[in-house]
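# Coordinates in review
Spelled out from the first residue to the last, the chains are:
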Amino acid sequence: MRNIDIVYRSKEMMIQYKKILIPIFLFISLVGVIPSLISNSLLTLIASILIMPAAQGCITSSLKVYRDSGETVETYEDGLYGFKNWTKLFGTYFTYNFIKFVIFLIEVILVTTLVYIVFGDQLMEAVEMINQTSYGFLDYDYALVSALGAIFTVLAMIVLPNIIVIIITNIVFDLYFFPTFYLLEDGVKGFEAMGIAKRLMKGKKKQLFLLKLSFFGWMVLAYILTVIIGTVVSMLIPIGDNGTFLFTIILSAIISVLVYRVRYQLAMTIFYKEMVREDTIEMDDHYYDYGEPRSTEELPRENDDFYETFSNKQLIMGVGLYLPLYFIGATFLLSIVFAFFMNAFGWTDMDFINSWFNFVVDGTLLIVAFFMFKDVFRSAWRYFRSLSLKEIGKLTLAGYGLTYVVMVAGNIVVNIFDLGSESANQVAIEGLMHNFPIPMLFATIVFAPLVEEFVFRGIIFRAMRRFGPVLAILVSGFLFGFIHVSRAVFAGDLSQFIQIAPYMFMGCLFAFLYEKTKSIAVPMYLHVFSNLISVLVILFI
């Protein structure tokens, strides 16, 4: 179907069904505004992540209108669809947006590093000029002009290129994976949905781009109306800066729905359904519904043993390539990149540097692990998804209970020797978490647990297991514990060595559970959950 026909049909559907669709879209748009109303940046981020699936209600209602002329659309049910099906939808929404965020982060690092390499001298002069102005070393008038010129230089050389790259990447990413959230309605989720979406979009990206571009004028009109109405209201009614901000974002959400958003969503739905109709593969014959937990008997096993298959080649790659990267390479290479940033921007706050360094290093290691051992992570995810909510609940209670017990046992061992020292690793994490919670949240709850389980259970435990499971459990547990105290021990504080006990006990427990359940998804989940509880205790207790 041509874009002009899609736009015309979406207009007809909008006119006919706007009374049932607008309330749904207004509700979902206003829900999307909620994170912006929270003053705490950490809570804003958490709220933004948690409400991502709310937007699925717009897709669901527009698909109903397309399929059955809106007869099954229910304002209340469809408006809350994303919340009622949150557990089924969240994984895909988080995966999609997290991958996009990681790509943005890598691009920002690469672009900034490249700019610094090419224009390093000019940037350093601009930074020095800004510093001299801020400390009052220059005449005021001269300083003002010089500072503005320096700020413009920094913006032009670093900020503007990054903004352009991010905008282009966002457009391209959405063009490649546009159908992902529509596929949720067909029971396909996560990486598999993104894979199918990419295939469906082959040869369709240009048409979709032009279709989206046709709504750009309406988006600009909505922005102009928001600015005009917001300005007039703020002039007539003294509501203060906070009131103006609150009014503007709510007004923006309402105007976007009334001006273009409903029609835009209908056009995207028509495009998707026509694309699927033209596709030669009947999806129902190839993809099962993930809505119901699958039996673990359906999952492939390695010689009736572990769910995640590690070939000899992969183990050699893991030991020979990934372990050196984990223990030495990533830290060394990324420290060079951070040195560029420290010189370019004059970073001196070590807490700031360390928190973001942990974020980047652990995030990079996770990305590399996924691309090197993609099938391992996918198998683990399939296993976890096969568990029912009841099974996950039992796993959480029993697994975390055991984790808590072994941590207490480890701390008892530490207290017996009573060398008068706290865990340097724990003290450092608590300090960074309080000062810079956003990067540390991701590093501590998501990146580090998944990477550590892959390294110590996925590679080291599996490589050692041929010598017997007991030895593999002890070796992987000891190395897991030692990596958490190694920095302090190598710095000369030998009293920290005893702090290995709680970490080693926990590592041995996770390896034991891996041996018993035969899936790395179990220790990964428990490690993430355990770190989540620890972070909540640090931040709120």
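Residues numbered from 1 in each chain as written. Predicted model: local features only at pLDDT ≥ 70, side-chain atom pairs only at ≥ 80, totals over all residues. Heavy atoms only, no water.

## Regarding the side chain of threonine 95
Among the secondary structure elements, threonine 95 is positioned in helix H6 (residues 86–134). Of the polar contacts made by the side chain of threonine 95, one reaches the backbone oxygen of glycine 91; its length is 2.7 Å. For threonine 95, the contacting residues outside a window of four places in its chain are Phe191 and Met194. (Helix = DSSP H or I, 4+ residues; strand = E, 2+ residues; numbered from the N terminus. Polar contact = N/O pair within 3.5 Å; in protein donor to acceptor, adjacent residues only side chain to side chain. Contact = heavy atoms within 4.5 Å.)

## Considerations on the packing of aromatic side chains
To describe a pair of aromatic rings, you give the distance between the ring centres and the angle between the ring planes. Scanning all chains against the criterion turns up 38 aromatic pairs. The interplanar angle of 50 degrees and the centroid separation of 4.9 Å between the aromatic rings of phenylalanine 173 and phenylalanine 177 together place this pair among those described as tilted. When its relative accessible area of 6% is taken as the criterion, phenylalanine 173 is described as buried. The buried category is assigned to phenylalanine 177, whose relative accessible area is 16%. Centroid distance phenylalanine 327 to phenylalanine 456: 6.3 Å. Interplanar angle 80 degrees. Geometry classified as edge-to-face. Highlighted residues: phenylalanine 327 in helix H13 (residues 312–345) and phenylalanine 456 in helix H18 (residues 437–464), separated in sequence by 129 residues. The exposure class assigned to phenylalanine 327 is partly exposed, which follows from its relative accessible area of 37%. A cation over an aromatic ring shows up here: lysine 205 above the ring of tyrosine 176, its NZ or CZ 4.5 Å from the ring centre. Between the NZ or CZ atom of arginine 457 and the centre of the ring of phenylalanine 480, over which it lies, the distance is 4.6 Å. (Phe/Tyr/Trp six-rings, centres within 6.5 Å; stacked < 30°, edge-to-face > 60°. Buried < 20%, exposed > 50% of the residue type's maximum accessible area, 1.4 Å probe, protein only. Lys NZ or Arg CZ within 6 Å of the ring centre and 35° of its normal.)

## Topic: the environment of leucine 389
Tracing the backbone shows leucine 389 in helix H16 (residues 389–417). Along the sequence, leucine 389 and threonine 87 sit 302 residues apart, while their C-alpha atoms lie 9.7 Å from each other.

## Brief notes about the side chain of threonine 226
Following the sequence through the fold, threonine 226 ends up in helix H11 (residues 216–236). Leave out the neighbours within four places in its chain, and threonine 226 touches Thr248, Leu251, Ser252 and Ile255.

## Notes on the confidence of the model for the protein chain
For the protein chain, the mean per-residue pLDDT works out to 81, and 86% of the residues sit at or above 70. Within the protein chain, helix H20 (residues 500–517) carries the highest mean pLDDT (92), whereas helix H7 (residues 140–176) carries the lowest (69). Note on residues 281–304: pLDDT under 50 across the span, and 41 contacts to partners over four residues away in sequence or across chains. (pLDDT = per-residue confidence, 0-100.)

## Looking at the environment of glycine 399
Inspection of the secondary structure puts glycine 399 in helix H16. Considered as a pair, glycine 399 and leucine 513 are 114 residues apart in the sequence and their alpha carbons are 8.6 Å apart. What glycine 399 contacts, discounting residues up to four positions off in sequence, is Lys394 and Leu526.

## A closer look at the packing of H11 against helix H12 (residues 240–278)
Running from N to C, H11 and H12 point in directions that differ by 150 degrees, and their axes come no closer than 9 Å. By the angle class used here, H11 and H12 are roughly antiparallel. Relative to H12, the crossing made by H11 is right-handed. On H12, the residues that touch Trp218, Met219, Leu221, Ala222, Leu225, Thr226, Ile229, Gly230, Val233 and Ser234 of H11 are Thr244, Phe247, Thr248, Leu251, Ser252, Ile255, Ser256, Val259, Tyr260, Arg263 and Tyr264. Across the contact of H11 with H12, the residue classes break down as 13 nonpolar, seven polar and one charged. (Axes fitted to C-alpha atoms, helices over the stretch in contact; angles between N-to-C directions. Parallel < 35°, antiparallel > 145°, perpendicular 65-115°, else oblique. Left-handed = near helix turned anticlockwise from the far one by under 90°. Nonpolar A, V, L, I, M, F, W, Y, C, P; charged D, E, K, R; others polar.)

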